[in-house]
Every structure is written in C-alpha cells, then in structure tokens.
Amino acid sequence: MQRSPQEARPESRTPPSDPSTTRTPAWAAADRSEAAEPVGGLQEYYYELCMEKSQEIKPFILHILQEVDEEIEKGLAGITLNVAGNCHLMPVERVTGEDFWILCRILKNNPYINGLDVRYNLIGDVGASYATELLQKQHNLIYLNLMFNDIGPEGGELIAKALHKNTTLKHLRMTGNKIENKGGMFFAAMLQINSSLEKLDLGDCDLGMQSVIAFATVLTQNQTIKGLNLNRPILYGEQEESTVHLGHMLKENQCLVELHVCKHDIKNCGMKQLCDALYLNRSLRYLDVSCNKITQDGMVCLADVLKKNTTLEVIDLSFNRIENAGANYLSDTLASHNRTLKALSVVSNNIEGEGLVALSQSMKTNPTLSNIYIWGNKFDEATCVAYSELIHMGRLKSDNTDVEPFVVDGHVYLAEVSNGLKRHYYWTPGYGEACSPSSNAGLFRYQPTFLDWQQEESKEIIIFLCSPVKNFNCTSQTFLCM
C-alpha cells in the first residue's frame, strides 16, 4: 500500500551541506532513524524529498523512477536501477553526493529493487558515506556499481567496513575510484570477514604492492569470492613479487573462477609462476593477463599447462608480445591436446601470418574453441583467406571474433569489428542489443551476470532512460538508452 505524500514527507531540516567534505549532513543523519519509505510511488517520493531538502530535481532521475514505478505496478521484482552518468544520447546531469543520499533514502527497504548502478557520476566520499548506510539498511541489494565516482581512500574505507556486516551484496564494482593502497588494504581485510560477496572489481583503483599481496594472502582462505579484478595497480620493482603471491594463492584457492591481472608488468618469469599454479588449480575458468610483457617463452609454459588443465575456458593475452613462435606453441596444443578452452584473445601481439594461420588451422581440428580475437597483428593475404574461410564455412561465427572479411579487386582483406572479451566493461551501448554472451565472456560486464555458469542464478530487469527491447538472454525485459 502506498502512503500519501503527507505520510511520505520527512520532517523539514537544514538543507544539505557542502559535498566537498565527507561529514554527514545533520539532516541526513537525522533521517536514518525514520520509518521506511513507501515501496511504491518512488517518483513522487523523490520529488517530495527534493522539495523538503531544497535539492535540485533532476528530470532524468524522475524519468527513471517513473519507469521503476510502472514496473513495480506490474508486480515485477529484481530490478536494477541504472542512473549512469555517461549516457551521451540525451542530456544527463551527473549525480552528486547529496543526490545520491536521496536515492539511497528512496531505495532503503524497497523489496523490488536489488541492484543500483550509478557509474560515472560525482558522488565522491560524501556519496560513499551514504552508500555505507544503504549497505547496512537495504537487505535486498545484491549489485552495486560505483565505478568512476571520485571516491578516495576515505570513502573506500567506509564502504569496506560497511561490508563487514553486510550479508546480501554479491557484486561490487569500485572500478576507477582512486582508493589507493590504503583503501585496498581495508577491502582485503573485509574479505577476511565477509562471506557473501562473490564479485569484486577494484581495477584502475591505484592499488599498491602491499594491498595486492594482501588480497592474494586473504584469498588462500576466502571461499566465496568467484571473481576478482586487480587491474592496473601501482607497482614498483622488477621482481614480480605480486605475481609470486598470486601464484601461491591459485595453488590454494579452489573457488576463484575469474582473475584479472591486467597491467601488472608480468614477464615470462611471472607467467611461469601462474602456470605452475594452474597445474594444481581446478576452479579458474577465466585468466586475464592482458597488457603485460609476456613473450614467446611465457607461451611455452602456458601451452604446456593447457595440455593438462581441464578448467580454463577463457584466456586474454591481448597487448603482449608472443609473436609467431608463441602463437605456434598455442596452436599446437589447441590442435592436438586441449579441448576445454573456448575463447582466446591475442590482440596486438606482433603475430604475423605464419602464427595467425596456425591458430586458424587449430580451430579446424578443435571443436571447442569458438571465440578468437586477432586484431592488431600483422595480417597477410594468407591470414585474411584463412579467417574468411572459417567465417564463411560457419566454423567461426561473426559475433565470436573481431574481424570481418571483405573483398577488393579479387583480394580478401579483414576489417575490425567491435567485439571482444571485455567489450562492455567500461561502457554500454546506446541502442540495439545490450550485449551478446559470445562477445562478453567475463563477469565484469555492465550487467550483473557471470559467465554462463552463473546465468541461472537470477533474472534482472535493468531500468534505463528509454524504450523496452528484448534482453539478449531472454530472461527479462531491458530498457536501453535511446
């Protein structure tokens, strides 16, 4: 039952304070003890709160909440509220810390909404303090996306500590918030206590060596984290100390399914440490070692482990330097031994025609490998013909690669297609299908879903600013930005 505006209206208090400080405004602190807001009429409740707090009313937030109200009236649940600040197809005012407090107030105890996406906004450490209250009070929230919101070490500390007692959140994205080594240490400590979080993305957060080692140490004991992103830490030294600890973790941990260690300055010695661990690991299905310094010698180790490892399904080697020799090592293993790998990315690896053709030939004898990404290498005519044949004969689907053949004057060439393992990691499409499973293999996509091993867990409804289209997995209706 919806309450009337008079019942829903909170008491009048002082307008919000300056968002540049992390102190909680008095009016926000006082409202924490109030009764739960109505679960229906979110648009009306947002309007009432803005009027009471002298906050600017954001038209696009009103529009989103109207869409949510309509879905709630239909009796739909499992809604992810998307208030992303990077939609370029319509004017969007970024959400500030004080705007975020009002959103948190609206969502608290709402049984129909279990996800919140506020990426690319300006909530800062002020908003992080309100996020902690949401994590403490909203017992239906399973997905929270705070990527690129100017949250610093103090805000990271608050969120990490809030997760000590939270038992519902399963997926948290902190991507691009500079929580640094200090914030990273608090998240590592949190994983010693929290037993419900399954997916944690701390990519581009300026983590330090100390916090990366702390995560590796904690994950030798933590048995709930299935996906971890530690991309682009700030590391110093040439001894690859972090990789040594990550390798040790993989030997002990039998729960982690997906690991991203992009831009860790991994060389062949570090790759050997990871491969030695993969002989013993029986859970990891996705390994991302892109943007490192791995060469053909590292591929000797990887090719050998792929002969015996039967769990790895996705490997991202993009932006390394494996060259022809490394590609040949992989193709030999894929052609005659491995039958579990499903997706391989060797984008921008200085591979020439010989290595690329060898990889294409391995697909003819390997029935399992379905996705391969090769753009950014040195194509010759033999390469173009080989991949054109794979596509035309149906062995390689056009959605499962990043090239498309075309013919000019009787010669075959390859053009780039916008597909890849992490196609929608940083952005979402403005129209058309949100994404296809074949072009987004990992769990850290914009949508709170795993690899296909997890897709049966939940059925979400994503609310955007726009009109309905069919979702790619046909599990729910999705509203895409138009």
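Model, not experiment: these values are computed from the prediction.

Chemist: Mind showing me how you'd approach a nonpolar patch on the surface here?
Modeler: Side chains of Phe 406, Val 408 and Tyr 413 sit close together on the surface and give an oily, nonpolar patch of about 250 Å² of accessible area. When you line up the elements, Tyr 413 lands in strand 13 (residues 411–416).

Chemist: Help me understand the environment of Asp 117 in this model?
Modeler: Along the chain, the position of Asp 117 falls in strand 2 (residues 113–117). Distance from Asp 117 to Leu 144, taken between C-alpha atoms, is 5.9 Å for residues 27 residues apart in sequence. A polar atom in the side chain of Asp 117 sits 2.8 Å from the side chain of Arg 119.

Chemist: I keep staring at the pairing of strand 12 (residues 403–408) and nothing clicks. Help me out?
Modeler: Look at any regular strand and the pattern is simple: side chains alternate between the two faces of the sheet. Inspection of the sheet shows strand 12 paired to strand 13 by six bridges, in the antiparallel sense. Looking at strand 13, one finds that Val 408 is bridged to His 411. As consecutive antiparallel partners, strand 12 and strand 13 are separated by two residues, and within that stretch Asp 409 has a phi angle of approximately 55 degrees, a positive value.

Chemist: Just to check I follow, could you spell out the environment of Lys 53 for this structure?
Modeler: Secondary-structure assignment places Lys 53 in the loop between helix 3 (42–52) and helix 4 (59–73). In this structure Lys 53 comes out as buried when scored by relative accessible area, which is 0%. Each C-alpha atom, one on Lys 53 and one on Ile 102, is 9.2 Å from the other, the two residues being 49 residues apart in sequence.

Chemist: Please clarify how helix 11 (residues 268–278) should be interpreted in this entry.
Modeler: Because an α-helix completes one turn every 3.6 residues, residues spaced three or four positions apart along the sequence face the same direction. What helix 11 keeps buried is the set Gly 270, Met 271, Leu 274, Cys 275, Ala 277 and Leu 278. Seen end-on, helix 11 carries its buried residues on one side only, within an arc spanning 155 degrees. Tucked into the core, helix 11 has its buried residues touching helix 10 (241–252), strand 8 (286–288) and helix 12 (296–306).

Chemist: Sorry if this is basic, but what is going on with helix 8 (residues 180–190) here?
Modeler: Along helix 8, the residues that are buried comprise Gly 183, Gly 184, Phe 187, Ala 188 and Met 190. Projected onto a plane normal to the axis of helix 8, the buried residues spread over an arc of 155 degrees and lie on a single side. Those residues of helix 8 that are buried are in contact with helix 7 (153–162), strand 4 (171–173), strand 5 (199–201) and helix 9 (209–218).

Chemist: Is there a simple way to explain the packing of helix 12 against helix 13 (residues 323–336) in this structure?
Modeler: A pair of packed helices can be characterised by two numbers: the angle between their axes and the separation between those axes. For the pair helix 12 and helix 13, the least separation of the axes is 8 Å and the interaxial angle reads 5 degrees. Between helix 12 and helix 13, the crossing angle belongs to the class labelled roughly parallel. Listed contacts from helix 13 to Gln 296, Met 299, Val 300, Leu 302, Ala 303 and Leu 306 of helix 12 are Glu 323, Ala 325, Gly 326, Tyr 329, Leu 330 and Thr 333. Partitioned by chemical class, the residues of the contact of helix 12 with helix 13 number eight nonpolar, three polar and one charged.

Conventions and cut-offs
- Residues numbered from 1 in each chain as written.
- Predicted model: local features only at pLDDT ≥ 70, side-chain atom pairs only at ≥ 80, totals over all residues.
- Heavy atoms only, no water.
- Patch = residues over 30% accessible without salt bridge, like charges linked within 9 Å, V, L, I, M, F, W, Y side chains within 5 Å.
- Areas by Shrake-Rupley, 256 points an atom, 1.4 Å probe, with all protein chains shown as cover.
- Salt bridge = Lys/Arg side-chain N within 4 Å of Asp/Glu carboxyl O.
- Helix = DSSP H or I, 4+ residues; strand = E, 2+ residues; numbered from the N terminus.
- Polar contact = N/O pair within 3.5 Å; in protein donor to acceptor, adjacent residues only side chain to side chain.
- Pairing = 2+ DSSP bridges.
- Buried < 20%, exposed > 50% of the residue type's maximum accessible area, 1.4 Å probe, protein only.
- Arc of directions from axis to C-beta.
- Contact = heavy atoms within 4.5 Å.
- Axes fitted to C-alpha atoms, helices over the stretch in contact; angles between N-to-C directions.
- Parallel < 35°, antiparallel > 145°, perpendicular 65-115°, else oblique.
- Nonpolar A, V, L, I, M, F, W, Y, C, P; charged D, E, K, R; others polar.

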